[in-house]
Number of protein chains: 2
Amino acid sequence: MMEQQASVDQATHCPVNELPIFAGLGDKFREALKKVESDAVNYSAAETIYSAGAEAQNFYVVRDGYVKLFKTTLSGKDQIIRIVKPGELFGFDGLVDVLYNHSAVPLKHATVCRIPVERLRTLGDQRPEVERLIMVRCIKELQHADERLLELGAKRSAERLASFLLSWCGGTPSGKWTPLVLSRLEIAQLLGLTIETVSRLFAQWKRASLVEEKRQALRILDLKLLQQVADSRE
Amino acid sequence: MMEQQASVDQATHCPVNELPIFAGLGDKFREALKKVESDAVNYSAAETIYSAGAEAQNFYVVRDGYVKLFKTTLSGKDQIIRIVKPGELFGFDGLVDVLYNHSAVPLKHATVCRIPVERLRTLGDQRPEVERLIMVRCIKELQHADERLLELGAKRSAERLASFLLSWCGGTPSGKWTPLVLSRLEIAQLLGLTIETVSRLFAQWKRASLVEEKRQALRILDLKLLQQVADSRE
DNA sequence: CGGCTAATTGAGAGACGTCAAATTTGGTGG
DNA sequence: CCACCAAATTTGACGTCTCTCAATTAGCCG
């Protein structure tokens with residue numbers, strides 16, 4: 001919808017071998033990784049990392065911030081496929097296809113490490129461990145997608161939002177504030193709902209002291225109850 | 001829901017090297033594959049190949065028939081994640097996790113090739129091509145999942161059913177009969193709808209001569225129009 | 001020809017979407 | 001620091017799509 005090619009801030013070298021994905025792989029291997037040329041690229045909100053249908057030339061690792069992957073219907077509705085978090089990979093398409101099948105845009109801002117696919121492929125030829133690693137990550141993604149299919153296909157609005165909030169705040173210790181980087185629109189596009197429904201659920205839960213919101217941060221007040229909502233009991 | 005452990009018909013040796021996935025890999029490699037022990041297993045409808053939460057010991061290739069992968073909500077609703085077709089792989093979980101995260105049951109009946117994951121892992125150590133192949137397949141699955149997320153999250157009932165029918169009959173030449181292996185319930189569980197809505201849409205489209213149904217077979221009469229329905233024009 | 005399950009159809013309810021207005025928020029410049 | 005504007009969010013009223021519940025019909029196997 002929002003078309004705007006990234007005016008990429010800068011492109012400094014990104015030390016691939018230091019990326020957490022490749023941790024625990026042996027020093028000899030890390031040594032080989034140093035040779036892979038890759039750039040650390042900085043994107044601000046509303047800049048496009050890549051668009052669906054574009055040539056899939058790069059593979060990415062998120063270093064900082066969050067990236068949303070989404071697809072758009074012919075009728076113009078966006079569906080967010082996944083929110084990619086720091087340390088996670090995206091842009092698998094290039095390893096298999098010529099074109100990206102979805103678009104990638106940062107939430108707010110993000111720094112990503114950009115690796116040309118042919119370099120990665122070369123590296124994979126020499127170092128099979130790389131492809132094993134990517135395979136493992138990819139299977140994890142698949143499991144995550146399975147879970148989301150269950151959410152979208154078999155759950156109602158309250159359950160979807162509740163389990164999203166739970167997983168979003170999952171890392172944070174109970175009762176602490178978690179920055180909520182997503183707008184209402186983005187939450188709606190992620191959960192297959194409308195802005196209004198999301199807003200109404202929030203309002204309802206705030207009134208019932210289930211959650212609390214301040215600025216762009218969220219705090220879960222009644223974890224137990226929210227979990228019950230997520231599982232459609234209550 | 002339907003709990004029933006498979007009383008597997010028989011388990012004859014399955015020549016892995018002859019599987020279409022491994023075609024085009026060079027004879028030397030195919031030679032190595034011969035050593036992999038794997039069984040061809042026959043399942044009839046309602047037999048469970050594996051259940052979510054079970055130990056993920058095997059990796060599978062569909063030889064004949066179709067396999068449905070599904071997850072079940074705590075409240076007991078099933079969502080079909082994917083219909084696995086002949087030549088396709090499933091059971092990736094075992095390569096990464098101890099347990100399966102979804103269940104696998106054949107539609108009607110199916111013969112699958114069952115490969116113990118540790119064998120596959122051993123083979124992968126010697127032959128990196130194997131993991132590359134699995135990686136590629138996995139990425140394809142991910143793209144497919146992306147598309148389904150768009151369907152479930154951003155499309156209404158008619159669009160979902162239309163694009164499902166189109167993709168199901170995709171292989172068949174236009175105007176020909178395609179066996180429809182799924183029950184109304186299974187279509188509903190795949191598309192996140194109810195039996196009734198699916199049935200009503202079928203009825204409507206039959207009346208309008210969009211599609212025709214005979215026994216367990218389906219024929220698309222007005223391809224153009226059905227495509228328009230799938231894209232929510234019309 | 002029963003008897004069972006799957007599928008269809010109808011009527012009514014409810015969840016969610018749509019449209020529009022009101023309110024809040026965040027950012028900008030004075 | 002405050003006034004002001006645009007964008008995001010909230011809230012209300014209303015419409016409709018899809019689900020639910022129930023009854024009927026069709027299909028299939030012994």
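All figures in this text were calculated on a predicted structure; none of them were measured in a lab.

Engineer: What's the story with the protein's contact with DNA strand C in this structure? I'm lost.
Structural biologist: Within the structure, DNA strand C sits among 16 residues, and Ser 157 and Thr 197 of chain A together with Arg 184, Ser 199 and Arg 200 of chain B are positioned closest to it. Counting only atoms of DNA strand C within 4 Å of the protein, the fraction found in sugar and phosphate groups is 64%. Lys 206 of chain B places a polar side-chain atom, nitrogen or oxygen, 3.3 Å from a phosphate oxygen of DNA strand C. Elements supplying a minimum of two residues to the surface near DNA strand C: helix H6 (195-207) of chain A together with helix H6 (195-207) of chain B. A per-element tally of the surface near DNA strand C places H6 of chain B first, with 6 residues. Residues that form the surface near DNA strand C fall into these classes: 3 nonpolar, 6 polar and 7 charged.

Engineer: I tried to follow the pattern of salt bridges on my own but got confused; where do I start?
Structural biologist: Where charged atoms from two side chains of opposite charge approach closely, those side chains can pair. Here the structure, examined in full by the defined rule, presents 26 salt bridges over all chains. Across the pair Arg 132 of chain B and Asp 125 of chain A runs a salt bridge whose closest N-O atoms are separated by 2.9 Å. Residue Arg 132 of chain B is located in helix H3 (residues 128-154), and its partner Asp 125 of chain A is located in helix H2 (residues 117-126); the two belong to separate chains. In this structure, Glu 151 of chain B engages Lys 155 of chain B in a salt bridge whose closest nitrogen and oxygen atoms are separated by 3.0 Å. Like Glu 151 of chain B, the residue Lys 155 of chain B is buried in the burial classification.

Engineer: Help me understand the packing of helix H2 (residues 117-126) of chain B against H3 of chain B, please; the structure alone is not making it clear to me.
Structural biologist: Each pair of packed helices can be described by the angle between their axes along with the distance between the axes. All names here are of chain B. At their nearest, the axes of H2 and H3 sit 5 Å apart, and the two run at 115° to each other. Across the interface between the two elements, Leu 120, Leu 123, Gly 124 and Gln 126 of H2 pack against Pro 128, Val 130, Glu 131 and Ile 134 of H3. Among the residues making up the contact of H2 with H3, the classes are represented as 5 nonpolar, 2 polar and 1 charged.

Engineer: What's the story with the protein's contact with DNA strand D in this structure? I'm lost.
Structural biologist: Neighbouring DNA strand D are 15 residues; Arg 184 and Ser 199 of chain A together with Arg 156, Ser 157 and Thr 197 of chain B lie closest to it. When atoms of DNA strand D within 4 Å of the protein are split into backbone and base, the sugar-phosphate part holds 65%. Separating a phosphate oxygen of DNA strand D from a side-chain N or O atom of Arg 184 of chain A is a distance of 2.7 Å. Between Thr 197 of chain B and DNA strand D, the recorded distance is 2.4 Å, taken from a side-chain N or O atom to a phosphate oxygen. At the level of secondary structure, the elements contributing two or more residues to the surface near DNA strand D comprise H6 of chain A together with H6 of chain B. Looking at the surface near DNA strand D, the element that brings in the most residues is H6 of chain A, giving 5 residues.

Engineer: Got a minute to help me understand the sheet that holds strand S9 (residues 217-220) of chain A in this structure?
Structural biologist: Through backbone hydrogen bonds, the strands of a sheet pair up, either in parallel or in antiparallel fashion. The sheet built from 3 strands is open, its strands ordered S7-S9-S8 (chain A) with antiparallel pairing. Edge positions in the sheet fall to strand S7 (178-179) and strand S8 (211-214) of chain A, since each has one partner strand and no second.

Engineer: In this structure, what is going on with the interface of chain A and chain B? I would like to understand it.
Structural biologist: Accessible area lost upon the coming together of the parts serves often as the stated size of an interface. Contacts between chain A and chain B engage 43 residues on the former and 43 residues on the latter. Summing the contributions of chain A and of chain B, the shared interface buries around 4100 Å²; its carbon and sulfur component is 65%. Counting the surface chain A buries against chain B, the share from its top three residues, Arg 132, Met 135 and Leu 149 of chain A, is 15%. At the boundary of chain A with chain B, the tally comes to 16 residue pairs in polar contact (both at pLDDT 80 or more). If you list the elements that add at least two residues to the side of chain A that touches chain B, you get strand S3 (58-72), strand S4 (78-84), H2 and helix H3 (128-154) of chain A. Considering every element that reaches the side of chain A that touches chain B, the biggest residue donor is H3 of chain A, with 21 residues. Its residues assigned to classes, the side of chain A that touches chain B comprises 17 nonpolar, 11 polar and 15 charged.

Engineer: Hey, could you run me through the sheet that holds strand S7 (residues 178-179) of chain B in this one?
Structural biologist: Taken in spatial order, the 3 strands of this open sheet run S7-S9-S8 (chain B), and their pairing is antiparallel. Strand pairing shows two members of the sheet lacking a second neighbour, S7 and strand S8 (211-214) of chain B, which therefore form its edges.

Engineer: Whenever I open this one, the relation of the copies chain A and chain B confuses me. Can you help?
Structural biologist: A rotation about an axis combined with a shift along that same axis relates the two copies of the chain. Rotating chain A by 180° and translating it 0.0 Å along the rotation axis places it on chain B, where the RMSD comes to 0.0 Å. Here the transformation between the copies is reduced to the relation of a two-fold axis. When C-alpha distances to the rotation axis are compared across chain A, the minimum falls at Met 135 of chain A, with a value of 2.3 Å. Interface overlap between copies: 100% of the residues of chain A at the interface are likewise at the interface in chain B, consistent with a symmetric, same-surface contact.

Engineer: Explain the side chain of Lys 68 of chain A to me, please; I cannot follow it from the model alone.
Structural biologist: Residue and element names in this part refer to chain A. Relative to the helices and strands, Lys 68 is located in strand S3. Polar contacts involving the side chain of Lys 68 include one to the side chain of Glu 186, which spans 2.9 Å. When sequence neighbours within four positions are dropped, the list of residues in contact with Lys 68 reads Ile 80, Arg 82, Ile 83, Ser 103, Ala 104, Val 105, Pro 106, Leu 107 and Glu 186.

Engineer: Could you clarify how one ought to interpret the environment of Leu 191 of chain A in this entry?
Structural biologist: Residues and elements named next belong to chain A. Structurally, Leu 191 can be placed in helix H5 (residues 184-191). Between the alpha carbons of Leu 191 and Leu 161 there is a distance of 7.1 Å; along the sequence they are 30 residues apart. Apart from residues no more than four positions distant in its own chain, Leu 191 is found in contact with Leu 152, Arg 160, Leu 161 and Phe 164.

Engineer: Even after reading the chapter, I still don't get the pairing of strand S4 (residues 78-84) of chain B, so can you show me in this structure?
Structural biologist: Look at any regular strand and the pattern is simple: side chains alternate between the two faces of the sheet. Residues and elements named next belong to chain B. Taking burial as the measure, the 7 residues of S4 include 7 buried ones, the bulk of the element. When strand S3 (residues 58-72) meets S4, the two strands line up antiparallel, connected through 6 bridges. Bridge pairing in S4 places Lys 68 opposite Ile 83. Hairpin connection of S3 to S4: 5 residues between the antiparallel strands, including Gly 76 at a positive phi of 95°.

Engineer: Would you explain the pairing of strand S9 (residues 217-220) of chain B in this entry?
Structural biologist: Residue and element names in this part refer to chain B. The sheet contact formed by S7 and S9 spans 2 bridges and is antiparallel. When the sheet's bridge partners are listed, Thr 178 is paired in S9 with Leu 218. Here S8 runs beside S9; their pairing, made up of 4 bridges, is antiparallel. What sits directly across from Glu 212, in S9, is Arg 219.

Engineer: Is there a simple way to explain helix H5 (residues 184-191) of chain B in this structure?
Structural biologist: A turn of α-helix holds 3.6 residues, and therefore any two residues three or four places apart point the same way. Residues and elements named next belong to chain B. Counting buried residues in H5 gives 6 out of 8 residues, a clear majority hidden from the surface. The set of residues buried in H5 consists of Glu 186, Ile 187, Ala 188, Gln 189, Leu 190 and Leu 191. Buried residues in H5 make contact with S3, S4, strand S6 (103-116), H3, helix H4 (157-168) and H6. Of the residues flanking the end of H5, it is Gly 192, one or two places downstream, whose phi is positive at about 70°.

Rules used throughout
- Residues numbered from 1 in each chain as written.
- Chains lettered and ligands numbered in written order.
- Predicted model: local features only at pLDDT ≥ 70, side-chain atom pairs only at ≥ 80, totals over all residues.
- Heavy atoms only, no water.
- Near = heavy atom within 4 Å.
- Polar contact = N/O pair within 3.5 Å; in protein donor to acceptor, adjacent residues only side chain to side chain.
- Helix = DSSP H or I, 4+ residues; strand = E, 2+ residues; numbered from the N terminus.
- Nonpolar A, V, L, I, M, F, W, Y, C, P; charged D, E, K, R; others polar.
- Salt bridge = Lys/Arg side-chain N within 4 Å of Asp/Glu carboxyl O.
- Buried < 20%, exposed > 50% of the residue type's maximum accessible area, 1.4 Å probe, protein only.
- Axes fitted to C-alpha atoms, helices over the stretch in contact; angles between N-to-C directions.
- Contact = heavy atoms within 4.5 Å.
- Pairing = 2+ DSSP bridges.
- Buried area = accessible area lost by both parts, 1.4 Å probe.
- Least-squares fit on C-alpha atoms with pLDDT ≥ 70 in both.

Worth remembering: the numbers are spatial, not functional.
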